[in-house]
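An overview of the molecular structure
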Amino acid sequence: MPVDENFPVASLLLPRRLRRPIEAIYRFARAADDIADEGEARAIRLQGLAEYRDELDRIERGQAPAGEDFKELAVIVAEWQLPVPLLRDLLDAFAQDVVKKRYADYPELLDYCRRSANPVGRLLLHLAGRASEENLRRSDCICSALQLVNFWQDIAIDWQKDRVYLPQADLAQFHVAETQIAAGRWTAEWAALLDFQLDRTHRLMSEGAPLVHQLPGRIGWEIRLTVQGGLRILERIRHARGDVFRYRPMLGAGDWLRVGGRALLM
């Protein structure tokens with residue numbers, strides 16, 4: 001799961017007071033994600049994540065964590081009154097990545113995003129003191145869309161890990177087989193499948209975008225750039241007609257100038 005794609009880690013745009021709690025949350029998520037992704041046996045990885053879950057249980061009960069690495073997180077959770085279930089959701093998603101490699105349909109994929117990506121935005125809103133129901137809903141749209149953007153970027157990379165995030169129902173609808181992903185073969189059917197995913201992801205991101213008007217100052221600008229960066233990557237994938245096999249769409253200096261200009265107009 002791409003932790004780095006969703007965390008605005010210590011960005012200069014973030015208010016200074018938020019950098020310490022965001023860094024603590026990031027370290028927790030990064031370390032747990034590494035446990036899930038690194039090459040130990042499945043049982044060992046799941047045990048490692050279970051130990052992280054035990055530490056969260058201690059923090060939630062107000063007890064001192066057993067591990068030194070969790071002491072800062074415990075302080076942050078108490079100081080900012082952060083909902084521990086959001087951190088637990090991240091662990092659930094990491095554990096799912098260990099055992100689940102395919103998704104039947106779009107709702108099942110969104111349920112994964114609900115735990116792998118949405119907690120990030122929700123925690124940020126709690127830190128900013130802007131966690132209204134409508135803001136949380138908009139944030140979920142943005143974070144799920146960012147997760148989907150990363151999936152479409154990394155189709156070829158994820159295949160090497162035996163992971164296919166394209167819903168199986170969509171593969172069947174567009175007459176695309178997994179052997180095509182294995183071969184890195186672009187076809188018109190593949191382009192149509194990716195266009196379908198890009199359109200759906202764009203709509204989801206656009207639904208969440210009005211959140212930027214509810215967030216003041218630097219944090220609002222951070223989210224503006226995040227949204228526009230995700231939309232720009234969708235454009236680059238579309239420009240390549242969905243051919244993510246030959247290169248991974250990334251943002252260069254020219255893209256960031258465009259992203260910045262669009263952020264100003266939001």
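Note that the coordinates shown come from a computational prediction; the quantities given were computed from them, not determined experimentally.

This part takes up the overall build of the protein. Within the protein, the secondary structure is distributed over 14 helices and 0 strands. Mapped from its N terminus to its C terminus, the protein presents α and β elements in the order α-α-α-α-α-α-α-α-α-α-α-α-α-α. Computed over the C-alpha atoms, the radius of gyration of the protein is 19 Å, within 12% of the 18 Å expected from 2.2 N^0.38 for a compact globule of 266 residues. In terms of principal-axis extent, the alpha carbons of the protein reach across some 55 × 50 × 30 Å. Relative to all contacts within the protein whose residues are 6 or more apart in sequence, the contacts with residues 24 or more apart total 71%. Counting every atom, the protein has about 12,200 Å² of accessible surface; 53% of that belongs to carbon and sulfur.

Side chains three or four residues apart in an α-helix point the same way, a direct result of the helix having 3.6 residues per turn. Between its first and last C-alpha atoms helix H12 (residues 188-208) spans 31 Å; for 21 residues at 1.5 Å apiece the expected length is 30 Å, and the two agree. Restricting attention to buried positions, one finds in H12 the residues Trp190, Ala191, Leu193, Leu194, Gln197, Leu198, Arg200, Thr201, Leu204, Met205 and Gly208. Here the buried face of H12 lies against helix H6 (106-116), helix H8 (133-153), helix H9 (155-160), helix H10 (168-173), helix H11 (178-183) and helix H13 (217-239).

Our focus in this paragraph is the packing of helix H3 (residues 42-60) against helix H5 (residues 84-99). Contact geometry for H3 and H5: axes closest at 10 Å, N-to-C directions at 175°. By the criterion of interaxial angle, the relationship of H3 to H5 is roughly antiparallel. Where H3 approaches H5, its residues Arg42, Arg45, Leu46, Leu49, Tyr52, Arg53, Leu56, Asp57, Ile59 and Glu60 are matched on the opposing element by Val84, Pro85, Leu87, Arg88, Leu91, Asp92, Phe94, Ala95, Val98 and Val99. Residues that form the contact of H3 with H5 fall into these classes: 13 nonpolar, no polar and 7 charged.

By size, the foremost hydrophobic cluster in this structure holds 75 residues, and its most contacted members are Phe28, Trp152, Ile155, Leu166 and Trp190. Leaving out residues up to four positions away in the same chain, tryptophan 152 has contacts with Leu109, Tyr165, Leu166, Pro167, Leu194, Gln197, Leu198, Thr201, Leu234, Ile237 and Val244.

Time to look at unusual backbone geometry. Backbone geometry places aspartate 162, a non-glycine residue, at a positive phi of 60°. In this fold, aspartate 162 is placed in the loop between H9 and H10. Phi at arginine 241 takes a positive value of approximately 55°, unusual for a residue other than glycine. Relative to the helices and strands, arginine 241 resides in the loop between H13 and helix H14 (253-264).

What follows concerns the environment of valine 84. With respect to the helices, strands and loops of the structure, valine 84 is situated in helix H5. Residue classification places valine 84 among the buried residues on the basis of a relative accessible area of 5%. Residues valine 84 and leucine 56, spaced 28 residues apart in sequence, show a C-alpha to C-alpha distance of 7.0 Å. Aside from chain neighbours lying at most four places away, what touches valine 84 is Leu56, Ile59, Glu60 and Val77.

Attention shifts here to the environment of leucine 265. Mapped onto the fold, leucine 265 is located in the segment after H14. Since its relative accessible area comes to 75%, leucine 265 is described here as exposed.

What follows concerns the side chain of aspartate 33. Its place among the elements puts aspartate 33 in helix H2 (residues 16-37). Since its relative accessible area comes to 1%, aspartate 33 is described here as buried. A polar contact is formed between the side chain of aspartate 33 and the side chain of arginine 30, at a distance of 2.7 Å.

Turning to the pattern of salt bridges, a few remarks are in order. Applying the stated criterion across every chain, the model contains 28 salt bridges. As a salt-bridge pair, arginine 102 and aspartate 162 come within 3.0 Å of each other at their nearest N and O atoms. On the criterion of sequence distance, the pair formed by arginine 102 in the loop between H5 and H6 and aspartate 162 in the loop between H9 and H10 is long-range, its members being 60 residues apart. We classify aspartate 162 as partly exposed; its relative accessible area is 39%. Between arginine 246 and aspartate 243 there is a salt bridge, with the nearest N and O atoms lying 2.7 Å from each other. Look at aspartate 243 and you get buried, because its relative accessible area is 8%.

Cut-offs used in this document
- Residues numbered from 1 in each chain as written.
- Predicted model: local features only at pLDDT ≥ 70, side-chain atom pairs only at ≥ 80, totals over all residues.
- Heavy atoms only, no water.
- Helix = DSSP H or I, 4+ residues; strand = E, 2+ residues; numbered from the N terminus.
- Rg over C-alpha atoms; globule rule 2.2 N^0.38 Å.
- Contact = heavy atoms within 4.5 Å.
- Areas by Shrake-Rupley, 256 points an atom, 1.4 Å probe, with all protein chains shown as cover.
- Expected span 1.5 Å × (residues − 1).
- Buried < 20%, exposed > 50% of the residue type's maximum accessible area, 1.4 Å probe, protein only.
- Axes fitted to C-alpha atoms, helices over the stretch in contact; angles between N-to-C directions.
- Parallel < 35°, antiparallel > 145°, perpendicular 65-115°, else oblique.
- Nonpolar A, V, L, I, M, F, W, Y, C, P; charged D, E, K, R; others polar.
- Core = buried A, V, L, I, M, F, W, Y, C linked by side-chain atoms within 4.5 Å.
- Polar contact = N/O pair within 3.5 Å; in protein donor to acceptor, adjacent residues only side chain to side chain.
- Salt bridge = Lys/Arg side-chain N within 4 Å of Asp/Glu carboxyl O.

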